[in-house]
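If you want the building blocks of each chain, they are given just below.
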Amino acid sequence: MKNFKDKVAVITGAGSGIGRALAQELAASGAKLALSDINEAGLKKTASDLGLAEDRLMTRVLDVADRQAFYDFADDVVNHFGYANMIFNNAGVALGATVEDMNYDDFEWLMNINFWGVVYGTKAFLPYLKQAGEGHIINISSIFGLVGIPTQSAYNAAKFAVRGFTESLRIELEMEGSPVSCTSIHPGGIKTNIAKAARFDASAEKLTGAGKDQSIQDFEKMFRTTPEEAASTILKGVRGNKRRVLIGSDAVAVDTMQRLLPTSYQKLIAMGQKYMAKK
Ligand SMILES: NC(=O)c1ccc[n+]([C@@H]2O[C@H](COP(=O)([O-])OP(=O)(O)OC[C@H]3O[C@@H](n4cnc5c(N)ncnc54)[C@H](O)[C@@H]3O)[C@@H](O)[C@H]2O)c1
C-alpha cells in the first residue's frame, strides 16, 4: 500500500507507545482511524491529541483477548466508515518468569493478548480487507520472536508464534493472488511503557538476580528507539510491502547474531545475563 490517504487504519493498543505513534503518523498521512485499547484513559488521550472529526476517527475500549468483542469491533468499524484497509495488531504485554515456576494464569494471560489477540484481529478483519480491494495486516512480533531469552519464555512463545502465523499467511495470500498482504514486525527496544506494565514473577529474580525494579531499569537501559521512529519504520515497511521489518540497530544486531549462530547464540545470551547479574 503506497498511499494512506483516506485509507481506514485499525490499531489495537493505541493508548500508548508504538500504537499511539502509529495513530499520529497515520493521521498526518491522511488516514481515517479506528483506535482501540483496553485502557480507556490512554485511548482518550491519543484520540484527543489527534483532534480528528468523527467521520475520520472512531474509538473503542477493547480487550483483544475477547474474541467476540474483536469481531463486533470489526463489524462496527466497517459500519462506521464503510470499509477497512489496515489492521495493526499491536496491543501487547510482557511477563518475567521461569518456565518451571511460571503459573498458568500469567502464561495464558500473555498468550491470550500477544498471540490470540493477533489471530482474532487478523481473522476478524481479513474478509473486510479483501472486500475493500486493498489491505494490509501488520502483526507486531519482536526481536524476542527471533531468539529465546531466559525468563521470557511466554513472550518468546507468543512472538515466535506471531512470526510463524504471519509468514504462513503471507504465502497463502500470495498464492491466491489476494489484494491483501501482511508484514511481521520485529522491534528491538522501544522507549514505551511495556516494561513498567509487565507482570513479574519472583522466579525471574531467582534466576537473574534482578528484582522487578532492577529488571525494568535493565530493560529500559536497552530501549534505544523512540515510538515515533518505530512507527515511521513500520509504515515504511507497509509502503514497501516488506515481509519482515526490523526496528532499531539492536534488532539488526540480534537478527545477525541469530543468522550467524543459529543455536549457539544461546551461550552468548547466558554469558551476557551472568555478566549483568554480577554488575
Ligand atoms: N517496547 C519494546 O521494546 C517492544 C519491543 C518489541 C516488541 N514490542 C511490542 O510492541 C507492541 C506495542 O507495545 P509498546 O511497546 O508500545 O507498549 P505499551 O505498554 O506502551 O503499549 C501497549 C498497549 O497495549 C494495551 N493493551 C494491553 N493489554 C491489552 C489488551 N488485553 N487489549 C487491548 N489493549 C491492551 C496497553 O493498554 C497499552 O496501551 C507490543 O505488542 C509489544 O510486545 C515492544
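Please read all numbers here as calculations on a predicted model, not as lab measurements.

J.: Which parts of the structure should I look at to understand helix α9 (residues 249–260)?
T.: Side chains that are three or four residues apart share a direction in an α-helix, a result of its 3.6 residues per turn. Taking 1.5 Å per residue, twelve residues should reach 16 Å; α9 reaches 16 Å between its end C-alpha atoms and fits that length. Of all the residues in α9, the buried ones are D250, A251, V254 and D255. Buried residues of α9 fall within an arc of 135° about the axis and therefore sit on the same side. Looking at α9, the residues exposed on the side facing more than 90 degrees away from the buried face are S249, R259 and L260.

J.: Explain the pairing of strand β7 (residues 180–187) to me, please; I cannot follow it from the model alone.
T.: Two faces make up the sheet, and in a regular strand the side chains alternate between them. Counting buried positions along β7 yields eight of eight residues, so the element is predominantly enclosed. Residue alternation in β7 divides its side chains into two sets, V180, C182, S184 and H186 and S181, T183, I185 and P187, and both sets are buried. When strand β6 (residues 135–140) meets β7, the two strands line up parallel, connected through six bridges. Bridge pairing in β7 links N139 to S184. With respect to chirality, the unit in which β6 leads through helix α5 (residues 153–175) into the neighbouring parallel β7 is right-handed.

J.: Sorry if this is basic, but what is going on with the pattern of salt bridges here?
T.: It is possible for side chains of opposite charge to pair when their charged atoms get near one another. Taken as a whole, this structure holds 17 salt bridges when the rule is applied. A salt bridge links R60 to D76, with the nearest nitrogen and oxygen atoms 2.9 Å apart. Of this pair, R60 sits in strand β3 (residues 57–61) while D76 is found in helix α3 (residues 67–81), placing the two residues 16 residues apart along the sequence. Owing to a relative accessible area of 27%, D76 belongs among the partly exposed residues under this scheme.

J.: Even after reading the chapter, I still don't get the side chain of S184, so can you show me in this structure?
T.: Residue placement: S184 occurs in strand β7. At a separation of 2.8 Å, a polar atom in the side chain of S184 contacts the side chain of H186.

J.: Quick question: what am I supposed to make of the packing of aromatic side chains here?
T.: Here the distance between the centres and the angle between the planes together describe a pair of aromatic rings. Applying the stated criterion to the full structure yields eight aromatic pairs. Measuring from ring centre to ring centre gives 6.5 Å for F70 and F73, while their planes differ by 45°; the resulting arrangement is tilted. Of this pair, F70 and F73 both sit in helix α3, three residues apart, which is roughly one turn of the helix. With a centroid separation of 6.4 Å and an interplanar angle of 55°, the aromatic rings of F144 and F219 are classed as tilted. One end of the pair, F144, is in the loop between β6 and α5; the other, F219, is in helix α7 (residues 212–221), with 75 residues separating them in the sequence. Given a relative accessible area of 13%, F144 falls into the buried group. Each residue in the set F115, W116, Y120 and F165 is aromatic and connected to the rest through ring pairs, giving one cluster. Above the ring of W109, the side-chain terminus of R199 is found at 3.8 Å from the ring centroid.

J.: Any chance you could explain the site of the ligand here in plain terms?
T.: The environment of the ligand is formed by 29 residues, the closest being S16, D37, Y155, I190 and T192. S16 places a side-chain nitrogen or oxygen 2.6 Å from an oxygen atom of the ligand. Taking G188, its main chain carries an N or O atom lying 3.4 Å from an oxygen atom of the ligand. If the ligand stood free it would expose 830 Å²; the protein chains cover 93% of that surface. Only α1 (17–28) and α5 provide two or more residues apiece to the shell around the ligand. In terms of residue class, the shell around the ligand is made up of 13 nonpolar, 13 polar and three charged.

Here is what the cut-offs are and how they apply
- Residues numbered from 1 in each chain as written.
- Predicted model: local features only at pLDDT ≥ 70, side-chain atom pairs only at ≥ 80, totals over all residues.
- Heavy atoms only, no water.
- Helix = DSSP H or I, 4+ residues; strand = E, 2+ residues; numbered from the N terminus.
- Expected span 1.5 Å × (residues − 1).
- Buried < 20%, exposed > 50% of the residue type's maximum accessible area, 1.4 Å probe, protein only.
- Arc of directions from axis to C-beta.
- Pairing = 2+ DSSP bridges.
- Right-handed = clockwise from strand over helix to strand, strands pointing away.
- Salt bridge = Lys/Arg side-chain N within 4 Å of Asp/Glu carboxyl O.
- Polar contact = N/O pair within 3.5 Å; in protein donor to acceptor, adjacent residues only side chain to side chain.
- Phe/Tyr/Trp six-rings, centres within 6.5 Å; stacked < 30°, edge-to-face > 60°.
- Lys NZ or Arg CZ within 6 Å of the ring centre and 35° of its normal.
- Near = heavy atom within 4 Å.
- Areas by Shrake-Rupley, 256 points an atom, 1.4 Å probe, with all protein chains shown as cover.
- Nonpolar A, V, L, I, M, F, W, Y, C, P; charged D, E, K, R; others polar.

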